[in-house]
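# Analysis of the macromolecular model
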Amino acid sequence: MKVPHLLSIALLFIGAATLTAQQKSKKKAAPPQLKWRVQQLHKDNNEGVAVGDINGDGKLDVTAGEFWYPAPDFKPLPVRKILPFGADYMQNNSEHLYDMDGDGDLDIVAGAFTLPIVNWFENPGAGNYKEGELWKTHQLVDTGTGHNEATFLHDLDGDGSPEWIENHWNPANPMQAFRFKRGEDGKITTEKHVMNESGNGHGMGFGDLNGDGKDDIIFNQGWYECPEAGAFSGPWKWRKDFDLPHASCPVLIVDLNEDGRNDIIWADGHSYGLYWQEQLEPRADGTTVWRQHLIDQKFSQGHTMAWEDIDGDGAPELITGKRYYAHSGKDSGASDPITVHYYDWNKENNSWKKNYISNAESGMGPGVGLQIRVHDLDENGWPDIIVPGKSGTHIIWNEGWTNPS
């Protein structure tokens, strides 16, 4: 009887050991992660990028600085020459794609850091892209201002036509918008509208802060309230309800906790700190009230961001990263590794989960410049991330979920 008894005990121990091993295996199993692959398109100091079908072949192409990159190979073709300035800057703080001459293809509209002239570059059209030949340059407008932190094409009044809006690091610069008007010849001209003669500042975003259904303008010194009679009916009221030092471009306007009031997501573009401002019940006079929440303080120079669904869960993620050498290496954390990462928002407990996309030594991998574009370039069902910057222009290919275990 002793042998069976001992055998039972041995089997019991073996079973327990097997169960323990299975439990440990389950604990060690890493959760699924998105798989990313990095492709550098070009290495220069350009910080603007746009995505669209340039040559009309139905595939998304990339424009970034002096070149455009046709799909699917994304080999550089010339567009323009860009002046350098300062220690390590190029005169391109953002670019946008829009049909400026009414011929049906996309042209490039670009802003510059210190120049008042806004130019657009005429797409030669399919079959006319000649080796070494630059696109024709046209002046769109002389804004009369420099100190340009970033530029935006945004439809303020909802008429289907965008406005050209510049964000300035100089707080004394005007807040103004240039309406795009298409003439009978199909070409775009502009019409200036001044919201305020003096009142701008580093960082900008657009969204409805007071629930009236109209887009307001948010910047580091507060926000401009769209007039009740419409965006271009007169001056906008400047409400100095908050201060967002060196705010990102853009500032995002999202109702995170779904309480019916839009909140603000922003980063300090020249130091450490990523935040969201929870909008509380406004005061009777229309003053907005805010509570600040820290998202992350472990990376610096989060100068731009995007709000897009990149993991296929049906909800947007917050995409951002470190801008490499924003002030030529003089900002806090300038020599830290450059990262691109995203955050999942959990509205049940108001928390964020950080996920790395890329983490590289400074200057060796993709950072973010002044724009992030999110598009499914290879049509595999997973949105890719396209970023310019002083470490080069990169496509970060999204290859979907993988389980590293």
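See the structure printed just above.
Residues numbered from 1 in each chain as written. Predicted model: local features only at pLDDT ≥ 70, side-chain atom pairs only at ≥ 80, totals over all residues. Heavy atoms only, no water.

### So, the overall build of the protein chain
The number of helices and strands found in the protein chain is 1 helix and 30 strands. For the protein chain, the C-alpha atoms occupy an extent of roughly 105 × 60 × 40 Å along the three principal directions. Residue burial in the protein chain is summarised as follows: out of 405 residues, 52% are buried. Taking all contacts inside the protein chain whose residues are at least 6 apart in sequence as the whole, residues at least 24 apart take part in 50%. Looking at the protein chain as shown, the accessible area adds up to about 18,300 Å², and 50% of this sits on carbon and sulfur atoms. Where the 35 positive side-chain charges of the protein chain centre and where its 60 negative ones centre are 9 Å apart. (Helix = DSSP H or I, 4+ residues; strand = E, 2+ residues; numbered from the N terminus. Buried < 20%, exposed > 50% of the residue type's maximum accessible area, 1.4 Å probe, protein only. Contact = heavy atoms within 4.5 Å. Areas by Shrake-Rupley, 256 points an atom, 1.4 Å probe, with all protein chains shown as cover. Lys, Arg positive; Asp, Glu negative; His and termini not counted. Charge placed at Lys NZ, Arg CZ, Asp CG, Glu CD.)

### A word on the pairing of strand S21 (residues 263-267)
In terms of residue burial, S21 counts as a mostly covered element, since 5 of its 5 residues are buried. Burial of the side chains of S21 extends over both faces: Asp 263, Ile 265 and Ala 267 are buried on one face and Ile 264 and Trp 266 on the other. Relative to S21, strand S20 (residues 252-254) is paired through 3 bridges, and the arrangement is antiparallel. Paired with Ile 253 across the strands is Ile 264, a residue of S21. Relative to strand S22 (residues 272-279), S21 is paired through 4 bridges, and the arrangement is antiparallel. Counterpart to Ile 264 in the pairing with S22 is Gln 277. Between S21 and S22, which pair antiparallel and follow one another directly, the connecting turn spans 4 residues. (Pairing = 2+ DSSP bridges.)

### Side note on the packing of aromatic side chains
Pairs of aromatic rings are described using the distance from one ring centre to the other and the angle between the two planes. By the definition in use, this model includes 19 aromatic pairs. Relative to Trp 397, the ring of Phe 74 lies with its centre 5.8 Å away and its plane at 65°, an arrangement referred to as edge-to-face. Placement of Phe 74 in the loop between strand S4 (67-69) and strand S5 (77-78) and of Trp 397 in strand S30 (residues 393-402) is noted, with a sequence separation of 323 residues between them. No difference in accessibility class separates Phe 74 from Trp 397, as the two residues are buried. Both rings, one in Tyr 324 and one in Tyr 325, keep their centres 4.7 Å apart while their planes meet at 35°; by these two values the pair is tilted. Note on Tyr 324: relative accessible area 16%, which makes it buried. Note on Tyr 325: relative accessible area 26%, which makes it partly exposed. Following the ring pairs from residue to residue traces out a cluster consisting of Trp 276, Trp 307, Trp 345 and Trp 352. Sitting over the face of the ring of Trp 238, Lys 240 holds its NZ or CZ atom 4.2 Å from the ring centroid. (Phe/Tyr/Trp six-rings, centres within 6.5 Å; stacked < 30°, edge-to-face > 60°. Lys NZ or Arg CZ within 6 Å of the ring centre and 35° of its normal.)

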